[in-house]
Amino acid sequence: MAAKAVGLPCPDYRRMHEGFKDAYTDMAKRYPCFGHAAKMPNIDWWRSCVKDSFIRAGYEYDDGTFEKVFKRIYSSFGSSAPYSVFLDAQPFLRWARQKGLIVGIVSNAEYRYQDVILPALGLNQGLEWDFGVFSGIVGVEKPDPRIYQIALEKAGNITPSEALHIGDSMRKDYLPARSVGMHALLLDRFKTSDAETWRKSGAVVLPDLVAAQEWLTKEEDTAAMQQN
C-alpha cells in the first residue's frame, strides 16, 4: 500500500511477507531489542529492516523513493491502524485492576507500543494496565527470564509466587515465567496443534481471557474456602 501510494507497482504480497520475516529475524539477531544495546535510534532500526525486506523480495528503489515508502510504513505501524484488540482484552484488564490486582504488560515491542499504540487502541496505563516492560526500552526480550524479573520489580518487588503470567507461547511466555517461580497459563485462541502437548506438560491452557477470568475466580473461591 505504501509503494502504491507513491506511484509504484504493488509489490507481491507473498514475496514481501517472506522477505520481511527473514529481514526481521536477521535484524533481531544483529541488533536485538530494536537496537537497544547499540543505541540505534528506533527509526533507523526499522529503516534498515524495511529496506532489507524490499531487497530480499526483489524490489530496490532509489534512496529518495524508498524514503517516501518507508515514512508511510513507519508512520502507519506507529499508529493503531494495523492492529486490532481482542474483544475480551479491555474488559479482562479492567476487571483485574478492579479486583485490586497489579496489571503489567510484558512484550517484545518497541517504545511506541507504550507511548502511542496501546493508548490509541484504548488500552491506557492507569485504566487497563499499571506498568509495562517493553524489550525496546529495557534492553531484554522474551524468552530471557530477566524480563520477568524486571516485571516483578515494577509490580512492587513482589515475590514470584504472587504473580501470574498469561501468554500464548510455551517458549517465550510459559517456560521463562515458570523458571523464575511465577504462576503461568497459556491462551490457545486459534486452536493450535501444540495445545495438547502444552496440556500434557502440565500447563493450564484456556481458550481466551473470558475463560481466564472464570478460572481465576474459581481459584480465588477455592483459596477462600481453604482459609476458612
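As recorded in an unreviewed UniProt entry, the chain goes by the name Haloacid dehalogenase-like hydrolase domain-containing protein 3, listed as coming from Ensete ventricosum.

## Description of the packing of aromatic side chains
Enumeration according to the criterion identifies 15 aromatic pairs in this entry. Between F66 and F70, the aromatic rings sit 5.9 Å apart at their centres with planes inclined by 20°, giving stacked as the arrangement. Of this pair, F66 and F70 both sit in helix α5 (residues 63–76), 4 residues apart, which is roughly one turn of the helix. Judged by relative accessible area, F66 falls into the buried class, the value being 4%. Here a set of aromatic residues connected by ring pairs shows up, and it is made of F20, Y24, F34, W45 and W46. The side chain of K51 reaches across the aromatic face of F66, ending 5.6 Å from its centre. Note that R189 overlies the ring of F86, its terminal NZ or CZ placed 3.8 Å from the centroid.

## Focus on unusual backbone geometry
The omega angle of the peptide bond from K142 to P143 is 15°, so this bond is cis rather than trans. Along the chain, P143 turns up in the loop between α8 (135–138) and α9 (146–154). A positive phi angle, near 55°, is found at C33, a position not held by glycine. By secondary structure assignment, the location of C33 is in helix α3 (residues 32–35). Of note, the phi angle at K39 is positive, near 55°, even though the residue is not glycine. By secondary structure assignment, the location of K39 is in the loop between α3 and α4 (42–56).

Rules used throughout
- Residues numbered from 1 in each chain as written.
- Predicted model: local features only at pLDDT ≥ 70, side-chain atom pairs only at ≥ 80, totals over all residues.
- Heavy atoms only, no water.
- Phe/Tyr/Trp six-rings, centres within 6.5 Å; stacked < 30°, edge-to-face > 60°.
- Helix = DSSP H or I, 4+ residues; strand = E, 2+ residues; numbered from the N terminus.
- Buried < 20%, exposed > 50% of the residue type's maximum accessible area, 1.4 Å probe, protein only.
- Lys NZ or Arg CZ within 6 Å of the ring centre and 35° of its normal.

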